[in-house]
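For reference, the chains in residue letters:
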Amino acid sequence: MARTRVRIPAVLALSAALFLTAGCGNDDASSTSAEGQDQPRTGKPSVVVTTTWEGAFAKAAGAEDIKVIVPQSVHHAPDYDPKPSDLAAVAKADFVLYAPFEPYAAKIKEAAGSEAKLVEVELDNDPAKVSAEVGRLAGLFGTADAAAQWKTGFDAEYTKLNKDLQAAWPGGRSPSVVTQVFTAWSAKLAGATTVGTYGPEAVTPAQLAELAAKKPSLVLDNAHMSTGAVLPDSGAKQVKIVNYPGDDLDLLPVYRNAAAELKKAMGTP
């Protein structure tokens, strides 16, 4: 594809539009392409993704040529300045994956003059949503066989972790938890009973009182959007849950790490 000249105002607009919720999840059910059509293709595509989270979905779907714009180490995208190489990568991409809460992805395409297809991805580590998005992306990429193979391994690993966590329940009873809205998937992984949610906004005194009255044993906090101790005087253990995969774009360690933190909090080594 031909690369057009990037104008300075467009790049400045890109920097100004970087999203403020790089560590959060997405509960918006919208997940359609910018053109409104999901057309399958043949061959392995070149994919540019905004973060490692979209990157992990793309890799699970069978993509191999993946470029991540925002490094995994950046918890808040306004801290990151896009490089010329980022824009150049977008210009060469077949697909650009982003989440609806990341409006800067569209500006990346506009700034680079790319003809890449923009695809919204519903970022949520709930296993059903992961499977649905990976399957949809595979349909776009023409990599259904690779995605099916990944799903088989994912389902087996998730089932194992879920059983291990249930075996670790204190006294054999499901723990009661309060969870940040974007880490609810980890409560499901543990088979925990969710008695309340909070965020992404700061918790108000009224909310604190309401959540404390639920007497949860655990608070599942979003590591990327932490507001500090949520129920500091309640006796509940606060567990840090990480949503974003590492630079290897492997989604499974996210579940393994969450399971390890949950077992530790429940008193199991």
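Below is a summary of the structure that appears in this document. Model, not experiment: these values are computed from the prediction.

**With respect to the sheet that holds strand β8 (residues 237–241)**
Then, number 1: Taken together, the four strands give an open sheet; going across it, the order is β6-β5-β7-β8, and neighbouring strands pair in parallel fashion. Two strands lie at the open edges of the sheet, namely β6 (193–198) and β8, each paired on one side alone. Taken pair by pair, the neighbouring strands of this sheet meet at an average axis angle of 25°, ignoring direction.
Then, number 2: Bridge count for strand β5 (residues 176–180) against strand β7 (residues 218–222) is three bridges, and the pairing is parallel.

**A closer look at the sheet that holds strand β4 (residues 117–120)**
Then, number 1: Strand order in the open sheet formed by four strands is β2-β1-β3-β4, with parallel pairing between adjacent strands. The sheet is open, and its two edges are formed by β2 (65–68) and β4, each paired on a single side. The sheet shows a mean angle of 25° between the axes of neighbouring strands, direction not considered.
Then, number 2: By the bridge criterion, four bridges tie strand β3 (residues 95–98) to β4 in an arrangement that is parallel. Note that in β4 the partner of L97 across the bridge is V119.

**Details of the packing of helix α2 (residues 52–61) against helix α5 (residues 127–141)**
When two helices pack together, their arrangement is given by the angle between their axes and by how far apart the axes lie.
Then, number 1: In contact at an axis separation of 8 Å, α2 and α5 are set at 65° when each is read in the N-to-C sense. Crossing handedness for the pair α2 and α5: right-handed. The segment α2 lies against α5, with F57, A58, A60 and A61 engaging V130, E133, V134, L137, A138 and F141.
Then, number 2: Looking at the contact of α2 with α5 residue by residue, the class counts come to nine nonpolar, no polar and one charged.

**Comments concerning unusual backbone geometry**
Then, number 1: The step from G199 to P200 runs through a cis peptide bond, and the omega angle for that step is 0°.
Then, number 2: Looking at where P200 falls in the secondary structure, it is placed in the loop between β6 and α8 (205–213).
Then, number 3: Positive phi, normally seen in glycine, also occurs at K215, with a value near 55°.
Then, number 4: With respect to the helices, strands and loops of the structure, K215 is situated in the loop between α8 and β7.
Then, number 5: Backbone geometry at L249 places phi at a positive 60°, although glycine is not the residue there.
Then, number 6: In this fold, L249 is placed in the loop between β8 and α9 (252–265).
Then, number 7: The class for L249 is buried, based on a relative accessible area of 10%.

Here is what the cut-offs are and how they apply
- Residues numbered from 1 in each chain as written.
- Predicted model: local features only at pLDDT ≥ 70, side-chain atom pairs only at ≥ 80, totals over all residues.
- Heavy atoms only, no water.
- Pairing = 2+ DSSP bridges.
- Helix = DSSP H or I, 4+ residues; strand = E, 2+ residues; numbered from the N terminus.
- Axes fitted to C-alpha atoms, helices over the stretch in contact; angles between N-to-C directions.
- Left-handed = near helix turned anticlockwise from the far one by under 90°.
- Contact = heavy atoms within 4.5 Å.
- Nonpolar A, V, L, I, M, F, W, Y, C, P; charged D, E, K, R; others polar.
- Buried < 20%, exposed > 50% of the residue type's maximum accessible area, 1.4 Å probe, protein only.

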